[in-house]
Amino acid sequence: MKGRYDSNKINLEILKEVEKLQGEGFDIEKCCKKLIAAQTLCRWNKEYRSILTLKSIKIRELRKENFSLKKLVADLSFDNVMLKELAKDSEQELSVKIECGDLISGQYK
């Protein structure tokens with residue numbers, strides 16, 4: 001598999017590099033002279049913009065889902081801790097009631 005590469009990945013990297021250069025103040029013409037032809041840039045923008053927007057939408061949805069799942073886990077963990085404390089307190093109350101009941105009934109003499 002020598003010489004194989006993912007052209008889509010390379011194209012997206014070049015588009016990101018062009019955006020980066022534009023952010024630094026370069027004109028589109030200068031960016032194109034450095035990296036690719038202007039016509040190629042326009043064609044790739046048409047092809048890959050839809051992919052990038054779909055990916056960004058998917059990432060946003062996954063982040064929302066992740067947030068809601070983290071909140072759910074936190075709530076369940078809190079409920080679990082509260083139930084354990086409640087069980088421990090009821091266990092202590094039950095043992096005190098048993099001891100008091102044994103003392104009253106006269107089993108401890």
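Please refer to the structure placed before this passage.
Residues numbered from 1 in each chain as written. Predicted model: local features only at pLDDT ≥ 70, side-chain atom pairs only at ≥ 80, totals over all residues. Heavy atoms only, no water.

Time to look at the overall build of the protein chain. When you go through the protein chain residue by residue, the secondary structure sums to three helices and zero strands. Each helix and strand of the protein chain, placed in order from N terminus to C terminus, yields the pattern α-α-α. Here the protein chain holds 109 residues, and 12% of them are scored as buried. Total accessible area on the protein chain stands at roughly 9700 Å², and carbon and sulfur atoms take up 58% of it. (Helix = DSSP H or I, 4+ residues; strand = E, 2+ residues; numbered from the N terminus. Buried < 20%, exposed > 50% of the residue type's maximum accessible area, 1.4 Å probe, protein only. Areas by Shrake-Rupley, 256 points an atom, 1.4 Å probe, with all protein chains shown as cover.)

Taken together, the side chains of Leu 69, Leu 72 and Leu 76 define a hydrophobic patch exposed on the protein surface, amounting to about 280 Å² of accessible area. Within the secondary structure, Leu 69 sits in helix H3 (residues 38-105). (Patch = residues over 30% accessible without salt bridge, like charges linked within 9 Å, V, L, I, M, F, W, Y side chains within 5 Å. Salt bridge = Lys/Arg side-chain N within 4 Å of Asp/Glu carboxyl O.)

Right, let's talk about the nonpolar core for a bit. If you look at soluble globular proteins, the nonpolar side chains tend to sit buried side by side. Counting residues in each nonpolar core, the largest one holds ten residues, listed as Leu 12, Leu 15, Val 18, Leu 21, Cys 31, Cys 32, Ile 36, Leu 41, Trp 44 and Tyr 48. Those elements that place two or more of their residues in this core are helix H1 (7-23), helix H2 (28-34) and H3. What Leu 41 contacts, discounting residues up to four positions off in sequence, is Leu 15, Val 18, Ile 28, Cys 32 and Ile 36. (Core = buried A, V, L, I, M, F, W, Y, C linked by side-chain atoms within 4.5 Å. Contact = heavy atoms within 4.5 Å.)

Given 3.6 residues per turn, any residue in an α-helix points the same way as the ones three and four places further on. The terminal C-alpha atoms of H1, which comprises 17 residues, lie 24 Å apart, in line with the 24 Å expected from a rise of 1.5 Å per residue. A positive backbone phi angle near 105 degrees is found at Gly 25, which sits one or two residues after H1. (Expected span 1.5 Å × (residues − 1).)

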